[in-house]
Amino acid sequence: MKLFIPKRDLYLQEMLRRDGRGYATHDRCLDCPDPATAKPALFRCSGCAPGPLCCETCMVRKHQECPYHRIKRWTGLTFEDTTLKDLGLRIQLGHTHDRSACSNPIPCRSDFSVIHVNGRHVVSVDFCGCDKAGQAGDVVQQLLRYDLWPATDCEPNTTFSFELLEHYHVQSLQGKISMYDYYLSLERLTDNTGTAQAQDRYKTFMRIVAQWRHMKLLKRAGRGHDPSGVAGTRPGECALRCPACPHQGVNLPDNWETISDELKYIYMMTVALDACFRLKRRDVSDVQKDPILGSGWAYFVEDTGYRELLLTGVVPLPQMSSCTGLSAVDHANTKFSRGYTATGVGAVTCARHEFWLASGMGDIQKGEKYVNMDYIFVCAIREYLVLHKLVSYDIACQWSQGLLERIAKFPPHLRIEIPEGSIKYVIPKLHFRAHKREGHSPYSLNYRIGVGRTDGEGPERNWWEVQGIANATKQMGPGTRQGYMDGTCGFTNWRKTVNMPWTLRKKLRAAREAYTEQRVIFDELTKSLQKNYDIVAWEEEIKVWEADPFNHDDPYVGLSQGPTEAETLRALSEEEQVASALPGFMALHDVSPVGFVAMGLELEDVKTRLLEDAKKATSSRITGLFERRTALRRRMQKFRDLQAIYMPRAVALLAEDPSCRTDTELIETVRLGLPSEISPSRRDAVCSCRLQEIEARLRESQCRDALQNIRNKLHTLDHLYLYKKTQVRHQGPNTRARGEITTQDVRKGRAVTKYRLARRAKFALSGHGDWEKELRVLNDEDVRGIQDDDPETEKKKRKRSRSDKEIPAEGRRKISWIWRSSDLDDSEDRNDSLKVEWFKSRARTMRWKEEIVLLLEEMHRVLATHSYDEERWRAHAKTCAHQDPAIYEGMVAYALKQARIRRRMRAVFRLVCIDEARSAKGAKWEECEEWRKVEDLEAGVIEEPAEAEEEIASIYESPDDLIDVL
């Protein structure tokens, strides 16, 4: 840019030169055959390469096959717009194949227009009406054979070029450009001055684009090669399948069902469910005005049956538990549905590769209800019934309960038979943190066997990709919207298919590196523990849980190491009751020593809260602050009276300390004088050992309660931040969400303060000891949630300064000590921290090993799928038939083109991935049929030099980063 700035005058002058004739100032046309009779050179074409001006006759001759160029006429002083129609160009249909003359041309209307990528053109068109009209076809056929799509089948007067429709199709999918903005750009290209009035063809454009999308979908699905035609299309047939997922009869070996139990997971279908509440549709239009073309043929479920089921209400919504506060529950009965026929879209994707599944998408009306998601799930999973399935859903712990019973109430054609035990349910990793820990490890993708490093968050990334169409589709009718979204899903799936070589290679490299690292860590940990612990028994214990996780105690959640504050108070009170029954016991006061210490701890909490509120009190709250201080002063005086009974020698000591005097305005700053606050040198003299023991035990319980409270608040904050980011829009809801986050953050701070205060008191009373293994010093960096994000992923989520610490993933993370428990008595019936950490290290190692096995199998399946698709299209080329030789030739040519595309993609996949796959297999590598080199390709199409990876990547768009390993 710095080099450009000094040359701006040069660029500006050259741009101005274009508005004149430049050096083409000759008067006569240089293209006329006879220079002596050459006509005046007055015309220039804006679409052709720069050259000399020519006459109208030569301009028409040059543009017989370029009828949509813009023409300008030189007036002697400037250029003005004209058209090829004004110069005499006529387009003869029905004779373009041989350029023969039509003996009976039938002219169109004078305002016949063609809308092209450079705007609208008024053209003169002649239809064939001679003796070749039978071969030329009717009006619609003649237009289609000239690559023009008619706006109507009856006397069309407006057409759209195939080039325009293809251009907008790609722009809408890749750039998410709205139809309205694209059409307006065409009008601006036609006239951007407002001086030429043109008829509005926007609604016509919408209809034609919907037709174009639908026909492209059918063509790519091979419906033109099927004898049953369009009418024989089956549900989901037009959807593009994931080449790496298992498909029976496509990419699975013949003996896949007899594989050993240890490896059955490699043939497991992994799917994920979720809903997006941004993909709304307003209550505009209906299926009568805007019918759905091919309902249920691609990614959306069949509309009629879906709506009938919703209207019958045969599957009521069960009561949702309070396990989680995710948006799936929050929106289940949302009131924000007025004016919308759909408040969002529910979908099923393949969880490992994030492909949209066939018949796996549907509108949801009032939130993410079970009936909606059940129906969508059943429609998507029907073609995978023979496979074992892993189902990821952010409320899987609730949704899975009674699923088969709800499905049994569906209409007969949807009552699928799911073998018992063939489905496992898990919760996505990011959403897992918003659930309670108790009883949820069986739903964790970190601990379930055979899941590899699947994170289950694919739908969230998919919603991010399609969010650009949310505003455009909100105002569409049902047919247009569904066709648009079907096309978007197909485009997304295709780009992931194209990028699959680099995606899987990148994942395999990362998995091999991580597995090596985790294997070393696990082996070292095992070696260090073998001398003092029974590792064999631990392994047997975890294997029993893995075989039946729901019927055994959770080994990944450490048990509480001691009683809570309430339990301690109860135990102390029972001890007081026992002591009071002994002979010679005499009570000093109605309030027992336990009650006295408990009162002091309660006053300490009140003081801390008052100090916090006083720092940020506004003028309107000063009065309330005074009243609270007065109440605290009265309670402090009562405490001092009890203190004189149970700690009589402390009264004089406290009187000497100015910070303990109650005759002060800021009563919240007064020290209470509990045993922990008295110096060790005087403590034994002024208070009994029993009081010290009571406070020490209560302080220890306070620490445990405060730690649990901190963990709960961190869970809540993680959820609230995620919820605000993904589900909250507009100023009002954002303000409320921000306020709730602030409230929870303040509560977390109070819990941290309480822990630190209780621990200092415990240390003052008990000194160093084994209790410190569990209740450590709490630093600011220790107060963090269980982060599951990779460092690279975290960098993309938010900007970091150089001093920021990266947050590792579950496979690489170092957990804060607050999430680990410490077993002090080494009892066999407890999950001590060492055992839990050994279990987790083992799980991390196993998941990375499984990931390598799964990726190698997925690479094999991709190659097998490409081979299958190649043979399928070749079979279409051999078996297709049509009585029209031209159509038959086109059918064969298209089928062979598709077959060659699959063959080239297989060659590129092999070239990109074979070295990594061979290295991963090592000595076990066997080059099976799918991995063998693709022959019979043109020389130089695919080369394999050492430095050619970037060149090959440029042929197919290399993925920016499709891997978010959590």
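The coordinates are above.
The shown structure was predicted, so the numbers you read here are calculated from the model rather than taken from an experiment.

A. Focus on the overall build of the protein. Helix and strand counts for the protein come out as 30 helices and 17 strands. Relative to all contacts within the protein whose residues are 6 or more apart in sequence, the contacts with residues 24 or more apart total 73%. Carbon and sulfur atoms provide 52% of the accessible area of the protein, an area that totals close to 49200 Å².

B. Seen up close, the side chain of Glu 576. For Glu 576, the position within the fold is in helix α19 (residues 565-580). Sequence-distant contacts of Glu 576, that is, excluding residues within four places in its chain, are made with Pro 593, Val 594, Arg 690 and Ile 694.

C. Just the side chain of His 121, in detail. Along the chain, His 121 turns up in strand β7 (residues 119-122). On the basis of relative accessibility, which here comes to 6%, the residue His 121 falls in the buried class. Polar contacts involving the side chain of His 121 include one to the main-chain carbonyl oxygen of Tyr 68, which spans 3.2 Å. Of the polar contacts made by the side chain of His 121, one reaches the side chain of Asn 118; its length is 2.7 Å. Filtering out sequence-adjacent residues up to four positions away, His 121 remains in contact with Tyr 68, His 69, Arg 70, Phe 112, Ser 113, Val 114 and His 116.

D. Broad picture of the pattern of salt bridges. One pass over the structure, following the stated rule, counts 58 salt bridges. Residue Arg 406 is joined to Asp 374 by a salt bridge in which the shortest nitrogen-to-oxygen separation is 2.6 Å. One end of the pair, Arg 406, is in helix α13 (residues 403-407); the other, Asp 374, is in helix α11 (residues 370-381), and 32 residues separate them in sequence. Pair check on accessibility: Arg 406 and Asp 374 agree, each one buried. Residues participating in the shared-partner salt-bridge network are Glu 575, Glu 576, Arg 690, Glu 693 and Arg 697.

E. View of the pairing of strand β11 (residues 269-276). Burial analysis of β11 places eight of its eight residues in the buried class, the great majority of the element. Burial of the side chains of β11 extends over both faces: Met 269, Val 271, Leu 273 and Ala 275 are buried on one face and Thr 270, Ala 272, Asp 274 and Cys 276 on the other. Pairing between β11 and strand β16 (residues 389-393): five bridges, direction parallel. Across the sheet, residue Ala 272 finds its bridge partner in β16, namely Ser 392. Bridge count for β11 against strand β14 (residues 344-350) is six bridges, and the pairing is antiparallel. Looking at the pairing, Cys 276 lines up with Val 345 of β14.

F. Quick peek at the pairing of strand β10 (residues 158-161). Of the two faces of β10, the one carrying Thr 158 and Phe 160 and the one carrying Thr 159 and Ser 161 are both buried. Relative to β10, strand β9 (residues 148-150) is paired through three bridges, and the arrangement is antiparallel. Opposite Leu 148, over in β10, you have Ser 161 as the bridge partner.

G. Up close: unusual backbone geometry. For Asp 147, which is not glycine, the phi dihedral falls at a positive 60°. Position of Asp 147 among the secondary structure elements: in the loop between α5 (139-145) and β9. The residue Ser 359 is not glycine, and still its phi comes out positive at about 55°. Tracing the backbone through its elements, the reader meets Ser 359 in strand β15 (residues 356-364).

H. Examining the sheet that holds β15 more closely. Reading across the sheet, the five strands line up as β15-β14-β11-β16-β17 and stay open at both edges, with mixed pairing between neighbours. The strands lining the two open edges of the sheet, one partner per strand, are β15 and β17 (423-426). Ignoring strand direction, the axes of neighbouring strands in this sheet form an average angle of 20°. On top of the sheet, α11 reaches β11, β14, β15, β16 and β17; it is set at about 160° to β15, its chief contact.

About the thresholds
Residues numbered from 1 in each chain as written. Predicted model: local features only at pLDDT ≥ 70, side-chain atom pairs only at ≥ 80, totals over all residues. Heavy atoms only, no water. Helix = DSSP H or I, 4+ residues; strand = E, 2+ residues; numbered from the N terminus. Contact = heavy atoms within 4.5 Å. Areas by Shrake-Rupley, 256 points an atom, 1.4 Å probe, with all protein chains shown as cover. Buried < 20%, exposed > 50% of the residue type's maximum accessible area, 1.4 Å probe, protein only. Polar contact = N/O pair within 3.5 Å; in protein donor to acceptor, adjacent residues only side chain to side chain. Salt bridge = Lys/Arg side-chain N within 4 Å of Asp/Glu carboxyl O. Pairing = 2+ DSSP bridges. Axes fitted to C-alpha atoms, helices over the stretch in contact; angles between N-to-C directions.

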